[in-house]
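Descriptive analysis of the structure
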Amino acid sequence: MGGKMGDRVAHSRPKELEDKLEKMREKRARKDKEKGEPAAKKKKVTSLLQGDAADLASYRPKTKETKAAYEQLLSFIKTCLGDQPHDVLRGAADEVLGVIKNDAMKAPDKKKES
């Protein structure tokens, strides 16, 4: 039994963690394959002028309450702008949400912007 203390230690992760990480990697690879871009060659969009509209992330409600509020916002914008394509309405809603969520603006300035 020769050797120093700690020579026989094995550094490894738990099996459950390895399985979970592998599933996440597979899921990410499937999504990248569906989009047609490999994970290593994704473009970084630093400006609105780069990339197309599909690359830009727009707001997507996740809960029932936020979905109802977003639908109400879209219907209000539709009454203000009239009959416009859905992507124009979503873009306007994204702009309104951007102004509302901007912490640097004060309340009176937010009212002027929206």
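Residues numbered from 1 in each chain as written. Predicted model: local features only at pLDDT ≥ 70, side-chain atom pairs only at ≥ 80, totals over all residues. Heavy atoms only, no water.

Describing the pattern of salt bridges
- Going through the model one piece at a time under the given rule, you end up with two salt bridges.
- Its salt-bridge partner being Asp-19, residue Lys-15 comes within 3.4 Å of it at the nearest N-O pair. Taken as a pair, Lys-15 and Asp-19 lie in helix α1 (residues 15–35) at a separation of four residues, close to a single helical turn.
- What makes Asp-19 partly exposed here is its relative accessible area of 34%.
- Here Arg-25 makes a salt bridge to Glu-22, at a shortest N to O gap of 3.8 Å. One end of the pair is Arg-25 and the other is Glu-22, both in helix α1 and three residues apart, which spans about a single turn. (Salt bridge = Lys/Arg side-chain N within 4 Å of Asp/Glu carboxyl O. Helix = DSSP H or I, 4+ residues; strand = E, 2+ residues; numbered from the N terminus. Buried < 20%, exposed > 50% of the residue type's maximum accessible area, 1.4 Å probe, protein only.)

A short note on the packing of helix α2 (residues 64–81) against helix α3 (residues 86–101)
- One way to put it is that α2 packs onto α3 with a least axis distance of 9 Å and a crossing angle of 110 degrees. The angle between α2 and α3 places the two elements in the roughly perpendicular class. As for how α2 packs across α3, the hand of that crossing is right-handed. Of the residues in α3, those in contact with Tyr-70, Leu-73, Leu-74, Ile-77, Lys-78 and Leu-81 of α2 are His-86, Leu-89, Arg-90, Ala-92, Ala-93, Asp-94, Val-96 and Leu-97.
- When the residues that make up the contact of α2 with α3 are grouped by side-chain class, the tally is ten nonpolar, one polar and three charged. (Axes fitted to C-alpha atoms, helices over the stretch in contact; angles between N-to-C directions. Parallel < 35°, antiparallel > 145°, perpendicular 65-115°, else oblique. Left-handed = near helix turned anticlockwise from the far one by under 90°. Contact = heavy atoms within 4.5 Å. Nonpolar A, V, L, I, M, F, W, Y, C, P; charged D, E, K, R; others polar.)

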